[in-house]
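This is what each chain is made of:
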Amino acid sequence: MFGSKRGVIAIGVLVAGASLLLSGCASSSSLGGGSTPTAKTSVVVGSANFSENVILADIYGQALAANGFKVTYRLNIGARAAYIPALEKGEVNLIPEYSGSILDFLNKSATANSPADVKAALDKALPKGLTALTPSTAADSDSLNVTPAFAAANHLTSIADLKNLKSFTLAANPEFQTRPDGIKGLESVYGLNNIKFKSISDGGGPATLKALLDNTVQVADIYSTTPSIAANKLVTLTDPKSLFASQEVVPIVSTSKVNAKLTDVLNKVSAKLTTADLQELNNEVSGTTKTDPATAAKNWLSKAALF
Amino acid sequence: MYSIWDNFFGGSYPIWYLTLDHIGLCVIPILVGFFVSIPLGYLASRSRGARSVLISVFSILYTLPSIVLFVVVPVTLGLAILDPTNVIVALSIYAVAIMVRSSADAFSSVSADVRESARAVGYSPAQRFFQVELPLAGPVLLAGMRIVSVSTVSLATVGVFIGIPSLGLLFTDAFNRQIPLEAVTGIVAVLILALIFDVILSTIARILLPWNRRESRRRAARTASKAVVM
Amino acid sequence: MSLIVQGFLWIFVPAHWTTSATSAGIGNALAQHLALSGLSLLVAGVIALPLGLYIGHTGKGRGVAIVSSNIARAIPTLGLLSILLLYLPDVPFLPSGYTPDIVVFALLAIPPLLAGSYAGLEAIDRQTIDAARAIGMTEWQILTKVEIPLGIALIIGGIRSSSLQIVATVTIAPLFTQITLGTFIADGLAQADYVKVVAGAILVAALALIIDGLFAIVQRFVVPRGVSRRPTKEKSTTARGTALAAKTGTPIQEGN
């Protein structure tokens, strides 16, 4: 089949077509940025693969863009195991993080709990080349939730009350198995030895909710700003012994990109952002209106009137 | 509300640009699948030992879950973590894994009589390969390539788990934000893309294998279906 | 390399075989992996085998079967699973909570099962079937006494491919909710514990190889005497000879 000239031409056309497509694609997702020698500092903003984090990345990114930075995006990179190395290698320069979770990821034996302690421990645990800016007051913590019916039937209001159950199944991210403030913490701090664990990798998202509602699991770890908690009237169990570490939103940035202007812009955003805002933004993006994350971020910034 | 119209060229997950990214991930693995497995498959068809070694090695590679390969390849290659090459290499491994067996079967299907006749009329080994065996193996190679292209297009979506954009982003976003229309859009877009790749492959085959057209339709279809079982 | 060695060693730690709140347990995960695979294969078989035999026997509908098989192969498993998990209700006869997974994995298994059964029947020499008809066999007798025994190698080949495909692909179910051997991969990725990831991958590959080996043995035993595994070469000078290569029904999967 390669004997004929026609065949050779066809292959040639195919290869040429393929390379055209490839080059087209490379420009469509122009990732590296930075090759044009302008005065603008270029910043690559990344995010984890859940929508709240995407919105936060859009907010920080748009704020920087409005202040003369050249911003490119690498959103939805994946879980920490995927994006932290990318951050360390400088392929991404800014990721919105949650102080407690990132600390646990970096230091498996971390025990810090209060916002100040967590920030101090985080500064120590961060690898060289990365800087944590001032955390926001906006927080999105782990929270254990049960259905109202289950709470009423078993008189549950606090995590400590779970001790009275014969046994129960808890759904959370796989990290919860190994985190110090996950299963281990529930066992040691609250003395719960009646836990069965089911890992559901969607960060307290729709699959976790479904498992809770159909009683596949009785307790679910759902991030506190998730709209589904209010929408389904879930009962969030209180955490009287403060097991769950403080989870303030904190931008982690490449130290090489840090300058007065960048710090100023990002800190202004962090200072303005509240937990209620996070809930509201999540509701817009994932609730009934399904607003595009970038649009929701833009609306928030214009409402905040920071710049 | 999510609308395909608003998200075709715009929005955070523009369907058109994700499609281009997706194509960019698929073309090279499909080509690699073809060009690498031809010599390997030929080797396998000539020697039983080579066949069993090659087929077992690639079968094991194939049982590796794609998500594992997508994580292991970047570590092994030492490339940038967000470099699309990582996904391209992983998909190429799968493509070769599928295609080696098809190509071995394709060359085995060329009867010994024909090879002997070619030698008898004075063809050199190279001439025999390019002018006799390769063309005769063509239809079965094509059937294998159609599977390679379809599965590559479908597998490329898994790359989103390591941060490489493709139409798979529409699934993760649809799941996170619970937008069924977006997920269906993603699935349909992948199916359409697979169909387009399939049409391109058959067109190339029609140009390269003109005699295949003259074969009775039924026979050609039967040939293809047998290759598909494997 | 050392990661692979560590992965092997991980498997042989007794604590990793028991299920607790902090560990999925290899034994439990293996059992659920097999249960989910088996159920999916069963569902696929109930749909695809009769259909494939019908197509092979009558020659009707093969065009439709090929086109729909090819479409099924292109469906991205993860995408379909993520949407069915949210919107597909439980179906009678299937265990609660497993329906979306079973539907998705059964869908993967249908093309090779379908192709195996109709190609198995089509590969039979027409003269044999005409002879059976001539001696007065009913269509049902032709199917059960002639076509299935003669086509059994390819039919089992189809089951072999689809089993392997399911066993390898069920690995992704833990990215959402189920526990399978893929749990170690999903958990390891989330926990940045790559030894666990590699151990999971080794377990899946080992299971697939064992199942493939079992099918190879089954295939050897079910082919009736008189039908050799590699029939004498036909006088084919064209690609028709593929039928011979295909007769051993060796498997290829895709889409995990």
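Here the structure is a predicted model, which is why all the values come from computation and not from measurement.

Reading the values: rules and limits
- Every chain is numbered independently, its residues counted from 1 as its sequence is written.
- Numbering of ligands from 1 and lettering of chains from A proceed in the order in which they are written.
- For a predicted model such as this one, the threshold for reporting local features is a pLDDT of at least 70, and the threshold for listing and counting side-chain atom pairs is 80 or more; totals across whole chains, interfaces and linings nevertheless cover every residue.
- The basis for every side-chain value is the complete set of non-hydrogen atoms in the structure, without hydrogens or water.
- Strands here are runs of E lasting at least two residues and helices are runs of H or I lasting at least four, both read from the DSSP assignment and numbered beginning at the N terminus.
- For every residue, the accessible area (1.4 Å probe, protein chains only) is compared with the maximum for its type, and the residue is labelled buried under 20%, exposed over 50%, or partly exposed between those bounds.
- Any two residues whose heavy atoms approach within 4.5 Å at even a single point are treated as in contact.
- Under the convention used here, a 1.4 Å probe and the Shrake-Rupley method define accessible areas, while residue burial counts only the protein chains that appear.
- Here is the rule: rings of Phe, Tyr and Trp (six-membered ring for Trp) pair when centre to centre is within 6.5 Å. Planes less than 30 degrees apart are stacked, more than 60 are edge-to-face, and the remainder are tilted.
- Here, patches come from residues exposed beyond 30% relative accessible area and free of salt bridges, joined within 9 Å for like charges and within 5 Å for nonpolar side chains (Val, Leu, Ile, Met, Phe, Trp, Tyr).
- Salt bridges are identified by distance alone: a Lys or Arg side-chain nitrogen within 4 Å of an Asp or Glu carboxyl oxygen.
- Axes here mean lines fitted to C-alpha atoms, for a helix over just the part in contact, with angles spanning 0 to 180 degrees between N-to-C directions.
- Relative orientations are named as follows: roughly parallel for angles under 35 degrees, roughly antiparallel for angles over 145 degrees, roughly perpendicular for angles from 65 to 115 degrees, and oblique for any other angle.
- Two helices that cross are described as forming a left-handed crossing if the nearer one is turned anticlockwise from the farther one by less than a right angle, and a right-handed crossing if clockwise.
- Classes in brief: Ala, Val, Leu, Ile, Met, Phe, Trp, Tyr, Cys and Pro nonpolar; Asp, Glu, Lys and Arg charged; the others, Gly included, polar.
- In the analysis that follows, any N or O atom pair within 3.5 Å is treated as a polar contact, provided that within protein one partner can donate a hydrogen and the other can accept it, and provided that, for residues neighboring in sequence, both atoms belong to side chains.
- Buried area: the accessible area, evaluated with a 1.4 Å probe, that two parts lose upon being put together, summed over both parts.
- For every residue, the predictor assigns a confidence score, pLDDT, that lies between 0 and 100.
- Side-chain atoms within 4.5 Å link the members of a nonpolar core, which is a set of buried Ala, Val, Leu, Ile, Met, Phe, Trp, Tyr and Cys residues.
- As used throughout, domain bounds are those supplied by an automatic or database domain assignment.

Student: Any chance you could explain the overall build of chain A here in plain terms?
Tutor: Along chain A, the regular secondary structure elements total 13 helices and 10 strands. Across the 307 residues that make up chain A, the buried fraction comes to 55%. Here the contacts in chain A between residues at least 6 apart in sequence split such that 74% fall between residues at least 24 apart. With an accessible surface of roughly 12,400 Å², chain A has 58% of that area assigned to carbon and sulfur atoms.

Student: Even after reading the chapter, I still don't get the overall build of chain C, so can you show me in this structure?
Tutor: Of the regular secondary structure elements, chain C holds 10 helices and 0 strands. Beginning at the N terminus, the succession of helices and strands in chain C can be written as α-α-α-α-α-α-α-α-α-α. The buried share among the 256 residues of chain C stands at 58%. Only carbon and sulfur atoms are counted for the fraction: they give 71% of the accessible area of chain C, which is about 10,400 Å².

Student: What is the right way to look at the packing of aromatic side chains in this model?
Tutor: Each aromatic ring pair is described using two quantities: the centre-to-centre distance and the angle formed by the ring planes. Residue and element names in this part refer to chain A. Following the criterion strictly, the structure yields 15 aromatic pairs over all chains and no others. An angle of 25 degrees between the planes, with centres 6.1 Å apart, marks the rings of Phe 50 and Tyr 98 as stacked. Linking Phe 50 in the loop between β1 (42–46) and α2 (51–66) with Tyr 98 in strand β3 (residues 94–98), this pair joins segments that are 48 residues apart in sequence. Phe 50 sits in the partly exposed class, given a relative accessible area of 26%.

Student: Would you explain unusual backbone geometry in this entry?
Tutor: Residue and element names in this part refer to chain A. Within the chain, His 155 stands out as a residue other than glycine whose phi angle is a positive 50 degrees. Residue position: His 155 is located in the loop between α6 (148–154) and β6 (168–172). Of note in the backbone geometry, Lys 290 takes a positive phi value of approximately 55 degrees without being a glycine. Relative to the elements of secondary structure, Lys 290 occurs in the loop between α12 (275–286) and α13 (293–304). Its relative accessible area of 15% is what places Lys 290 among the buried residues.

Student: Sorry if this is basic, but what is going on with a nonpolar patch on the surface here?
Tutor: Residues and elements named next belong to chain B. On the surface, Ile 4, Phe 8, Phe 9, Trp 16, Tyr 17 and Leu 181 cluster together into a nonpolar patch covering about 540 Å² of accessible area. Looking at the nonpolar patch, the elements with two or more residues in it are α1 (4–9) and α2 (15–46). It is α1 that contributes the most residues to the nonpolar patch, 3 residues altogether. According to the relative accessible area criterion, Tyr 17 is partly exposed, its value standing at 33%.

Student: Looking at this model, I keep getting lost on the packing of helix α9 (residues 180–208) of chain B against helix α4 (residues 77–87) of chain C. Mind explaining?
Tutor: If you want to describe how two helices pack, look at the angle between their axes and the distance between the axes. Contact geometry of α9(B) with α4(C) gives a least axis separation of 10 Å together with a crossing angle of 155 degrees. Considered as vectors, α9(B) and α4(C) are oriented roughly antiparallel to each other. Viewed along their axes, α9(B) and α4(C) form a crossing whose handedness is left-handed. Here Pro180(B), Ala183(B), Val184(B) and Ile187(B) of α9(B) lie close against α4(C), whose contacting residues are Gly79(C), Leu80(C), Ile83(C) and Tyr87(C). Grouping the constituent residues of the contact of α9(B) with α4(C) by class yields 7 nonpolar, 1 polar and no charged.

Student: In this structure, what is going on with the environment of Thr18(C)? I would like to understand it.
Tutor: Residue and element names in this part refer to chain C. Examined against the element boundaries, Thr 18 turns out to sit in the loop between α1 (2–11) and α2 (26–58). Residues Thr 18 and Ala 29, spaced 11 residues apart in sequence, show a C-alpha to C-alpha distance of 9.9 Å. Contact partners of Thr 18, with chain neighbours within four places excluded, come to Ser 23 and Gly 25. For Thr 18, the side chain forms a polar contact with the main-chain oxygen of Ala 15, separated by 3.0 Å.

Student: What is the right way to read the interface of chain A and chain C from this model?
Tutor: Interface size is commonly expressed as the accessible area that is lost once the parts come together. Contact residues are listed per partner, giving 18 residues for chain A and 20 residues for chain C. When the area that chain A buries against chain C is broken down by residue, the three leading residues are Ala81(A), Gln177(A) and Lys210(A), summing to 29%. Counting every contact that joins chain A to chain C gives 5 residue pairs in polar contact (both at pLDDT 80 or more). If one sorts the elements of the side of chain A that touches chain C by residue count, strand β7 (residues 195–199) of chain A sits on top with 4 residues. Residue classes in the side of chain A that touches chain C are distributed as 9 nonpolar, 4 polar and 5 charged.

Student: I'm lost on the confidence of the model for chain C in this one. Help?
Tutor: Low-pLDDT portions of the prediction should not be read for the details of their coordinates. Residue and element names in this part refer to chain C. Averaged over all residues, the pLDDT of chain C equals 82, while 88% of them reach at least 70. Put simply, helix α10 (residues 242–247) is where chain C has its lowest mean pLDDT, 38, and α2 is where it has its highest, 94. Contacts for the low-pLDDT stretch residues 229–256, under 50 throughout, to residues beyond four places or in other chains number 84 contacts.

Student: Hey, could you run me through the pattern of salt bridges in this one?
Tutor: Two side chains of opposite charge can pair, provided their charged atoms sit close to one another. In this structure the tally under the stated criterion is 14 salt bridges over all chains. Taking the shortest distance from any N to any O, the salt bridge between Arg80(A) and Glu97(A) comes out at 2.8 Å. Pair noted here: Arg80(A) is in helix α3 (residues 80–88) and Glu97(A) is in strand β3, with a separation of 17 residues, a long-range link. You can call Arg80(A) buried: its relative accessible area is 17%. Given a relative accessible area of 0%, Glu97(A) falls into the buried group. In this structure, Asp212(C) and Arg160(C) form a salt bridge, with 2.6 Å as the shortest nitrogen-oxygen distance.

Student: What am I meant to see in the nonpolar core here?
Tutor: With 182 residues, the main nonpolar core has Leu64(A) and Phe105(C) as its most contacted residues. Ranked by the residues each element gives to this core, the list is headed by helix α5 (residues 85–108) of chain B, at 14 residues. Among the domains, domain 1 (42–140 + 248–304) and domain 2 (144–236) of chain A are the pair contributing at least three residues each to this core. Not counting residues up to four positions away in its chain, the partners in contact with Phe105(C) are Leu36(C), Ser40(C), Thr77(C), Leu81(C), Ile166(C), Thr169(C), Val170(C), Ile172(C) and Ala173(C). The next biggest cluster of nonpolar side chains, apart from the first, holds 24 residues, and it includes Ala82(A), Ile84(A), Val118(A) and Leu130(A).

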